[in-house]
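Listed below are the residues making up each chain.
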Amino acid sequence: GDKQHLLGGLADKDADDFLKAVPITDDTIRQAIIEGARESSDKATLVYPLMLDLQVEHWRELTAKGEASPDRFTIAADTFEARCIEMVGRVLRDYGDALQTTIERLSVARRFDRGALKHVVTTFGTALPLDTFDRIAELSFVTRTDDGFLSLHNVVAEAIRTMLREEKKRTSLDALLGYFSSRAHVVSHFDLNTESVAALFEAAYLRRAQGLNGYVKWLSQATEPLRMGALYVPAALLWREAANAVEKTLGAEHLDTATSLNNLALLLRAQGDYAGAEPLYERALAIREKTLGAEHPDTAHSLNNLAGLLWAQGDYAGAEPLYERALAIREKTLG
């Protein structure tokens, strides 16, 4: 079932009470678990709830094998990130090669369902039984959503990705992107449904994880059925994610940033959100004008978009000179 992680750092007594309720009866093991679950090696730091959960999961595996002892819960690393990596690696090894390898490959995804699990198992031959989905759902660092998807806790997923070899990360991204892209593909916008839209969101996340080179062009093609089907809300969410990611990585004056802002503005306008669209159109215009020049066709396109928005709001005096500029550019560049 769904799990609720403890919130905030825990004092030693609260952590000990939690472990007693598991129940873990051995005082020395409880103390070792608490020390290993601290946010750093400093004994004055609080106990991190997720680390405590992972330590308990480790304890259950060791207890089942009759191997639980205080030394098995010691974490040598000093920093929080390094301690998480050490703990996550230890817990994954507890599961055995088949489950460990499968979870490692799934860690590159934001979330996954039974179909994605099966695709990873069959693509990479991990030898994990295909009915293991429900077992994975019960792991302490996994959350199940109402639509049947599972997601790894962000800290755990990041720790796993940090440990992955680049080749393993790349091939995992390729495989899962191919899977979700296939599920998102529709022949016509009339074929869109909840599942295909959900798959598109996962495909977009994976494509961004591959790198932002060419991402805006990819997303333009991928979201065309949404635009044609008037599914403006999910399309706008995807373009907002794109705009944030592109601006952060490629820069505020990159042409892909301008395209992302322009496309987001278009979708906001389609929803009647003129106030939200206007500053985005203005930013896209400013980027194109600075980067491409005042007489570039793409600059004319931005001028036309902004003019159309102003006209739709009744600001004819503001729209007219923009239309005139756009027309002049087109006459000069296109004849």
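Asks: What should I look at first to understand the overall build of the protein chain in this one?
Replies: Within the protein chain, the regular secondary structure consists of 17 helices and 2 strands. For 335 residues, the compact-globule formula gives about 20 Å, and the C-alpha radius of gyration of the protein chain, at 26 Å, lies well above that figure. Judged by the C-alpha coordinates and their principal axes, the protein chain covers about 85 × 45 × 35 Å. Residues counted as buried form 44% of the 335 residues belonging to the protein chain. Contacts in the protein chain between residues far apart in sequence, at least 24 positions, make up 62% of those at least 6 positions apart. Summed over all atoms, the accessible surface of the protein chain reaches about 16200 Å², with 53% contributed by carbon and sulfur. Charge separation in the protein chain, taken as the distance between the mean sites of 38 positive and 49 negative side-chain charges, equals 3 Å.

Asks: Quick question: what am I supposed to make of helix α8 (residues 154-163) here?
Replies: Note: α-helices contain 3.6 residues per turn, so residues at a spacing of three or four share the same orientation. Buried within α8 are the following residues: Val-156, Ala-157, Ala-159, Ile-160 and Arg-161. Buried residues belonging to α8 abut α3 (49-65), α4 (80-94), α5 (97-106), β2 (150-152), α9 (166-184) and α10 (194-210).

Asks: Teacher, can you tell me more about the packing of helix α6 (residues 114-124) against α9 here?
Replies: In a packed pair of helices, the relevant descriptors are the angle between the two axes and the axis-to-axis distance. Running from N to C, α6 and α9 cross one another at 130 degrees; their axes reach a closest spacing of 10 Å. Relative to α9, the element α6 lies oblique. Both α6 and α9 take part in a crossing whose hand is right-handed. Facing α6, whose interface residues are Gly-115, Ala-116, His-119, Val-120, Thr-123 and Phe-124, α9 presents Thr-171, Ser-172, Ala-175, Leu-176, Tyr-179 and Phe-180.

Asks: Sorry, what's going on with the layout of surface pockets here?
Replies: Empty space among the atoms becomes visible once a probe the size of a water molecule is rolled across them. Size it by volume and the largest pocket reaches roughly 230 Å³. In terms of lining, the largest pocket is formed by 13 residues, of which the most central are Ser-181, Ala-184, His-185, Leu-200 and Ala-222. Of all the secondary-structure elements, those providing two or more residues to the lining of the largest pocket are α9, α10, α11 (215-222) and α12 (224-228). Here the lining of the largest pocket is built from residues that sort into 9 nonpolar, 4 polar and no charged. Looking at the second largest pocket, its volume works out to about 150 Å³. Looking at the second largest pocket, the residues that line it are Ser-220, Thr-223, Glu-224, Arg-227, Ala-235, Trp-239, Asn-263, Leu-266 and Leu-267.

Definitions and cut-offs
- Residues numbered from 1 in each chain as written.
- Predicted model: local features only at pLDDT ≥ 70, side-chain atom pairs only at ≥ 80, totals over all residues.
- Heavy atoms only, no water.
- Helix = DSSP H or I, 4+ residues; strand = E, 2+ residues; numbered from the N terminus.
- Rg over C-alpha atoms; globule rule 2.2 N^0.38 Å.
- Buried < 20%, exposed > 50% of the residue type's maximum accessible area, 1.4 Å probe, protein only.
- Contact = heavy atoms within 4.5 Å.
- Areas by Shrake-Rupley, 256 points an atom, 1.4 Å probe, with all protein chains shown as cover.
- Lys, Arg positive; Asp, Glu negative; His and termini not counted.
- Charge placed at Lys NZ, Arg CZ, Asp CG, Glu CD.
- Axes fitted to C-alpha atoms, helices over the stretch in contact; angles between N-to-C directions.
- Parallel < 35°, antiparallel > 145°, perpendicular 65-115°, else oblique.
- Left-handed = near helix turned anticlockwise from the far one by under 90°.
- 1 Å grid on protein atoms, 1.4 Å probe; cavity = no way out; pocket = protein on both sides within 12 Å on 5 of 7 lines; lining within 4 Å.
- Points joined across faces, edges and corners; volume = space filled by probe spheres on them.
- Nonpolar A, V, L, I, M, F, W, Y, C, P; charged D, E, K, R; others polar.

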